Amino acid sequence: MTARRCAAALAAATVVLGGAAPAAFADGTAPSASAPATIPQGLYGTKDPTYDGVWRQSLALLAQSTVGVKPAAQAITWLTGQQCESGAFASYRADATKPCDAKTMPDTNATSAAVQALVSLGGQQDVVKKGVSWLKSVQNDDGGWAFNPGGKSDANSTSVVIGALAAAGEKPADVKSAKGGKSPLDALLTFALPCDSSPGSGAFAYQGDLKTGKLYANGDASAAAVTAAHGKGLAATAGQPDAKGTECEKASTPEQAAHNGAAYLAKTMAKTGHLNSAMPGAESQPDYGNTADAVVALATDGLADQAKQSLTWLEKNTAAWAKDNGPAAYAQLVLAANATGADPKNFGGADLVKQLNATGPAPASDASAAAQKPSAESTKKKDSNTSVWWIVGVFFVASIGVGFLVSSRKKNQRP
């Protein structure tokens with residue numbers, strides 16, 4: 001789920017509460033009010049975190065953990081400090097030292113992203129447990145989740161919660177609603193378009209139309225749902241090859257629906273390599289964040305060739321977008337590279353890991369850098385071992401020479 005979707009949901013909630021709704025940008029970025037006087041210590045990025053603080057922090061930490069970077073303690077502390085007593089996270093609270101109150105708007109997306117990040121880092125079992133418990137407590141009767149508790153289920157929110165449940169060791173198929181007895185995978189199937197829905201055959205909808213219930217294909221929702229239908233989260237890795245290719249089939253299981261969703265994404269991006277933005281009234285343009293999510297989805301489903309085609313497009317076209325959007329953007333690209341087996345430290349010539357690290361406090365350690373650059377001690381040890389083996393080799397060759405000499409002398413001896 002992109003920051004755009006996260007911000008759009010918050011904007012809608014703001015309207016309900018009578019506030020002014022921030023505009024969502026067509027290029028996939030989150031809206032931002034004027035920058036605060038100071039950015040909280042430990043927080044990634046320099047832009048106003050009002051609508052995406054927890055989301056971007058969670059993605060940054062998750063991406064770092066995926067490539068062997070241990071984040072700074074203060075970065076983790078900032079994230080855990082955003083948790084409410086209920087176990088939920090809100091997208092951002094300016095003062096984590098004050099408890100959540102009636103005005104705090106906890107949401108499933110921020111909570112699920114935080115859970116996934118904290119599971120990957122380890123050592124945060126209590127925070128994770130509280131987060132998962134809260135998510136279960138706000139599950140809708142249809143088995144899915146809305147962005148904010150009490151709302152209508154949507155494919156994106158349901159998908160990111162599935163990722164959190166799976167990361168925490170839960171079996172999403174067994175997490176069923178108290179009244180309806182439905183699982184989140186049951187809910188995902190209700191968002192899947194049948195194969196005769198051209199041009200959206202096999203895609204997932206964000207929600208059914210509020211008036212008619214009709215489903216409309218949505219690239220963002222499709223990318224999220226494909227990954228979730230395979231029981232994986234934001235840091236998903238490549239699945240087994242999908243021999244079905246891009247043919248749509250009647251879907252009665254989550255895996256079949258995932259295949260159809262991946263096929264829809266592959267066909268949609270076949271010509272250009274990317275998804276387009278779908279904001280109402282906006283000029284169509286590449287949607288970098290959703291394309292990165294789609295790459296993860298294609299890799300997860302096993303459509304490796306299609307995933308690499310779009311990854312190549314991202315390598316060539318996302319430098320300016322990532323620089324402008326900061327930690328969440330770099331994190332999405334790192335996760336896309338990781339899902340396809342590409343090297344995020346050489347992404348179209350750019351070192352995404354280094355760029356991501358630079359948006360926040362200096363990491364406690366970087367195993368990926370250590371793996372690339374041997375330490376002075378290991379170099380010294382290697383040189384020492386080389387010297388030892390050189391000496392051994394000299395003696396070995398010398399002994400061979402002596403052997404030949406002795407043998408020759410014996411042959412030349414007369415009885």
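Just so you know, these numbers come straight off a predicted model, no measurement behind them.

Engineer: Any chance you could explain the overall build of the chain here in plain terms?
Structural biologist: Counting its regular elements, the chain contains 16 helices and four strands. Residues counted as buried form 48% of the 415 residues belonging to the chain. For the chain, the share of sequence-separated contacts (at least 6 apart) that also reach a separation of at least 24 residues comes to 62%. When the accessible area of the chain is evaluated, it comes to approximately 19,800 Å², of which 55% is carbon and sulfur surface.

Engineer: Honestly, the packing of aromatic side chains in this entry has me stumped. Any pointers?
Structural biologist: The geometry of an aromatic ring pair comes down to the distance between the two centres and the angle between the two planes. On inspection of all chains with the given rule, the structure shows three aromatic pairs. For the ring pair Trp-78 and Tyr-92, a centre distance of 6.3 Å and an interplane angle of 15° mean the geometry is stacked. Placement of the pair is Trp-78 in helix 3 (residues 73–80) and Tyr-92 in the loop between strand 2 (89–90) and strand 3 (106–107), with a sequence separation of 14 residues. Take Trp-78 and Tyr-92: they sit in the same class, and that class is buried.

Engineer: Before we go on, may I ask you to explain the packing of helix 10 (residues 288–301) against helix 11 (residues 304–317) in this structure?
Structural biologist: Axis separation between helix 10 and helix 11 bottoms out at 8 Å; the angle between their running directions is 150°. In terms of orientation, helix 10 and helix 11 fall into the roughly antiparallel class. Regarding helix 10 and helix 11, the two cross each other, and that crossing is left-handed. Contact with helix 10, carried on its side by Tyr-288, Thr-291, Ala-292, Val-295, Leu-298 and Ala-299, involves Gln-306, Ala-307, Ser-310, Leu-311, Trp-313, Leu-314 and Asn-317 of helix 11 and no other residues of that element. Along the lines of polarity and charge, the residues of the contact of helix 10 with helix 11 split into nine nonpolar, four polar and no charged.

Engineer: How should I be thinking about unusual backbone geometry in this particular structure?
Structural biologist: Excluding glycine, a negative phi dihedral is what most residues carry, and trans is how most peptide bonds are arranged. Here the amide bond leading from Ser-198 into Pro-199 is cis, since omega sits at 5°, within 30 degrees of zero. Mapping Pro-199 onto the fold places it in the loop between helix 7 (184–190) and helix 8 (219–229).

Engineer: Any chance you could explain helix 5 (residues 125–137) here in plain terms?
Structural biologist: Side chains three or four residues apart in an α-helix point the same way, a direct result of the helix having 3.6 residues per turn. For helix 5, spanning 13 residues, the distance from its first C-alpha to its last is 18 Å, which sits close to the expected 18 Å at 1.5 Å a residue. For helix 5, the elements touching its buried residues are helix 3, strand 2, strand 3, helix 4 (108–121) and helix 6 (155–167).

Engineer: Would you mind going over the state of the cysteines with me for this structure?
Structural biologist: Should the sulfur atoms of two cysteines be covalently bonded, the bond is a disulfide. Taken as a whole and assessed by the stated rule, the structure comprises two disulfides. Disulfide pairing places Cys-195 opposite Cys-248 at an S-S distance of 2.1 Å. Residues Cys-195 and Cys-248 are joined by a disulfide whose S-S torsion is about -85°; by sign, that bridge is left-handed. With a gap of 53 residues between them, Cys-195 in the loop between helix 7 and helix 8 and Cys-248 in the loop between helix 8 and helix 9 (254–269) connect regions that are remote in the sequence. In the chain, the bonded cysteines, taken in the order they occur along the sequence, pair up as 1-2, 3-4.

The rules behind each value
Residues numbered from 1 in each chain as written. Predicted model: local features only at pLDDT ≥ 70, side-chain atom pairs only at ≥ 80, totals over all residues. Heavy atoms only, no water. Helix = DSSP H or I, 4+ residues; strand = E, 2+ residues; numbered from the N terminus. Buried < 20%, exposed > 50% of the residue type's maximum accessible area, 1.4 Å probe, protein only. Contact = heavy atoms within 4.5 Å. Areas by Shrake-Rupley, 256 points an atom, 1.4 Å probe, with all protein chains shown as cover. Phe/Tyr/Trp six-rings, centres within 6.5 Å; stacked < 30°, edge-to-face > 60°. Axes fitted to C-alpha atoms, helices over the stretch in contact; angles between N-to-C directions. Parallel < 35°, antiparallel > 145°, perpendicular 65-115°, else oblique. Left-handed = near helix turned anticlockwise from the far one by under 90°. Nonpolar A, V, L, I, M, F, W, Y, C, P; charged D, E, K, R; others polar. Expected span 1.5 Å × (residues − 1). Disulfide = S-S within 2.5 Å.

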